[in-house]
Amino acid sequence: MRRAAGSAGLSRRAFLKTGAAVGGGLVVGFFVPAGMRRFAFAEGAPAKPPALPAANAFLRIGSDESVTVLLAHSEMGQGIWTTLPMLVNEELDADWGRFRVEHAPAAVAYHHTVFPVQMTGGSTTTWSEFDRYRQVGAVTRTLLIAAAAQQWGVAPGECRTANGYVLWDGGHRASYGSLAAAAAKLPQPASVPLKPPGDWKVIGKPTRRLDTPEKITGRAVFGLDVRLPGMLTAVLAHPPTFGGKVKRFDPAAARAVPGVRAVFEVPSGVAVAADHFWAAKCGRDALQIDWDPGPHAGVDTGELVESFRRLAQSAGVVAATAGDVE
């Protein structure tokens, strides 16, 4: 929770004090979109655990010893470029220096483990993938051990792994990269055990972020970096109030900015399209717009806060009912 200097917002301390006064417990407000309520609060959900994920959809081990993890969610600054591979490696036992990351394509295999869509949001990525990505690592490690044991003519139980290698105390040692092709031909196990928390060596430990080199060298590609042949970048000038509309605008100054190709009205304001972002941004800043503030011209932040306080005392909308809180 954060507020701007001089605003009428609540501090964390004030919020907790107010929450305690309401009913003696922690008050947590949240919103479940109508389209998601039937998934989040579905009754009669099957008790049968989901099948193990197809490991090759989430993980690739190359003959060059590279370990590539495909993210079912978008890295948006929350750090999953590192945390999801950590989950994999907790069970895989590979060399962290060999890890690479790619965003997964659009496919059913990458659907959210709770909601039947491929999505990122609501701070759901890590907890929803906590089992699936560990299972991917465990399945892959099991297959690598099986491939090595088959090659050496020993029992899989006699083998162990360490830092990207399968080892047999009888003297054999093989890297994951050398075993990957053979492991890919083996049937995936129906179940795999996961390490108990007491045996974790990766989760919860300080770990070098995988995206740091990408960012400091400029190799990381953000949405703003995507360039396609003939592509223009558009920047919007939005009304200063909710529900506001454009009354009239003068595009002359915006069109005079080098690189600006077009200026036109859209339902949400005025768009400036240009050869690149900076030209579009400068063109947008140069626009002369006369706004109709609309029906919410008098909306005041302080009044909104007070209305929220009043609404917090009401019954609210019931998404699901179970038990009796009283």
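Residues numbered from 1 in each chain as written. Predicted model: local features only at pLDDT ≥ 70, side-chain atom pairs only at ≥ 80, totals over all residues. Heavy atoms only, no water.

Chemist: I would appreciate a short explanation of the packing of aromatic side chains in the present structure.
Modeler: Two measures describe an aromatic ring pair: the distance that separates the ring centres and the angle between the ring planes. Scanning the entire structure with this criterion turns up four aromatic pairs. With 5.3 Å between their ring centres and 80 degrees between their planes, Phe-58 and Tyr-133 make a pair best called edge-to-face. You can see Phe-58 sitting in helix H3 (residues 55-58) and its partner Tyr-133 sitting in helix H6 (residues 132-152), a full 75 residues away along the chain. Each residue in the set Phe-58, Tyr-110 and Tyr-133 is aromatic and connected to the rest through ring pairs, giving one cluster. The aromatic ring of Tyr-165 is capped on one face by Arg-173, whose charged end is 3.8 Å from the ring centroid. (Phe/Tyr/Trp six-rings, centres within 6.5 Å; stacked < 30°, edge-to-face > 60°. Helix = DSSP H or I, 4+ residues; strand = E, 2+ residues; numbered from the N terminus. Lys NZ or Arg CZ within 6 Å of the ring centre and 35° of its normal.)

Chemist: What exactly am I supposed to notice about the pattern of salt bridges here?
Modeler: It is possible for side chains bearing opposite charge to pair when their charged atoms get close. Taken as a whole and assessed by the stated rule, the structure comprises 13 salt bridges. For Arg-132, the salt bridge identified is with Glu-129, shortest N-O distance 2.6 Å. Relative accessible area serves as the criterion here: at 11%, Arg-132 is assigned to the buried category. The salt bridge partner of Asp-290 is Arg-248, with a shortest N-O separation of 2.3 Å. Taken together, the residues span a long stretch of sequence, with Asp-290 in strand E11 (residues 288-292) and Arg-248 in strand E8 (residues 245-250) at a distance of 42 residues. Looking at Asp-290, the relative accessible area reads 27%, which means it is partly exposed. Within the structure, one salt-bridge network assembled from shared partners comprises Arg-209, Asp-211 and Lys-215. (Salt bridge = Lys/Arg side-chain N within 4 Å of Asp/Glu carboxyl O. Buried < 20%, exposed > 50% of the residue type's maximum accessible area, 1.4 Å probe, protein only.)

Chemist: How should the environment of Val-139 be read in this particular structure?
Modeler: Following the sequence through the fold, Val-139 ends up in helix H6. With 49 residues separating them in the primary sequence, Val-139 and Gln-188 have C-alpha atoms 7.0 Å apart. Ignoring anything within four residues of it in the chain, the contact list for Val-139 reads Leu-52, Ala-55, Gln-188, Pro-189 and Val-192. (Contact = heavy atoms within 4.5 Å.)

Chemist: Sorry if this is basic, but what is going on with the sheet that holds strand E5 (residues 165-168) here?
Modeler: What links the strands of a sheet is backbone hydrogen bonding, and the strands pair in either a parallel or an antiparallel sense. Taken in spatial order, the three strands of this open sheet run E4-E5-E6, and their pairing is antiparallel. For this open sheet the edge positions go to strand E4 (159-162) and strand E6 (172-175), each flanked by a neighbour on one side alone. Averaged over all adjacent pairs, the angle separating strand axes in this sheet is 25 degrees, with direction ignored. Across four bridges, the pairing between E4 and E5 is antiparallel. The residue bridging Ala-162 from the neighbouring strand is Tyr-165, located in E5. Strand contacts of H6: E4, E5 and E6, with the helix running at about 45 degrees to E5, the strand carrying the most contacts. Set on the sheet, helix H7 (residues 176-184) makes contact with E4, E5 and E6; between it and E6 the angle comes to about 80 degrees. (Pairing = 2+ DSSP bridges. Axes fitted to C-alpha atoms, helices over the stretch in contact; angles between N-to-C directions.)

Chemist: Sorry, what's going on with the nonpolar core here?
Modeler: The nonpolar side chains of a soluble globular protein tend to be buried with one another. Leu-92, Phe-99, Tyr-133, Leu-144 and Val-166 are the most contacted members of the largest nonpolar core, which has 47 residues in total. Within the residue set of this core, elements represented by two or more residues are H3, strand E1 (59-61), strand E2 (67-71), helix H4 (80-92), strand E3 (99-103), H6 and H7. It is H6 that contributes the most residues to this core, eleven residues altogether. By size, the runner-up hydrophobic cluster in this structure holds 13 residues, among which are Val-235, Val-263, Val-272 and Leu-287. (Core = buried A, V, L, I, M, F, W, Y, C linked by side-chain atoms within 4.5 Å.)

Chemist: What am I meant to see in the pairing of E6 here?
Modeler: Within a regular strand, side chains alternate between the sheet's two faces. The sheet contact formed by E5 and E6 spans four bridges and is antiparallel. Residue pairing across strands places Leu-167 opposite Arg-173, the latter belonging to E6. Between E5 and E6, which follow one another and run antiparallel, lie three residues, and Gly-171 among them has a positive phi close to 125 degrees.

Chemist: I tried to follow unusual backbone geometry on my own but got confused; where do I start?
Modeler: Trans is the prevailing form of peptide bonds, just as negative phi is the prevailing case for residues other than glycine. One non-glycine residue, Asp-93, lies in the positive phi region at around 65 degrees. Mapping Asp-93 onto the fold places it in the loop between H4 and E3.

Chemist: Explain the packing of H6 against H7 here, please?
Modeler: Pairs of packed helices are described in terms of their axes, by the angle between the two and the distance that separates them. Relative orientation of the contacting elements H6 and H7 amounts to 90 degrees, with a least axis distance of 9 Å. Overall, the two elements H6 and H7 adopt an arrangement that is roughly perpendicular. Two secondary-structure elements touch here, H6 through Arg-141, Leu-143, Leu-144, Ala-147, Ala-148 and Gln-151 and H7 through Tyr-176, Leu-179, Ala-180, Ala-182 and Ala-183. The residue makeup of the contact of H6 with H7, split by class, is nine nonpolar, one polar and one charged. (Parallel < 35°, antiparallel > 145°, perpendicular 65-115°, else oblique. Nonpolar A, V, L, I, M, F, W, Y, C, P; charged D, E, K, R; others polar.)

Chemist: In this structure, what is going on with the environment of Ile-289? I would like to understand it.
Modeler: By the element assignment, Ile-289 lies in strand E11. Among the residues examined, Ile-289 registers a relative accessible area of 22% and is labelled partly exposed. For the pair Ile-289 and Val-270, spaced 19 residues apart in the sequence, the C-alpha separation amounts to 8.5 Å. Apart from the residues within four sequence positions on either side, Ile-289 is in contact with Ala-237, Val-246, Arg-248, Phe-249 and Val-270.

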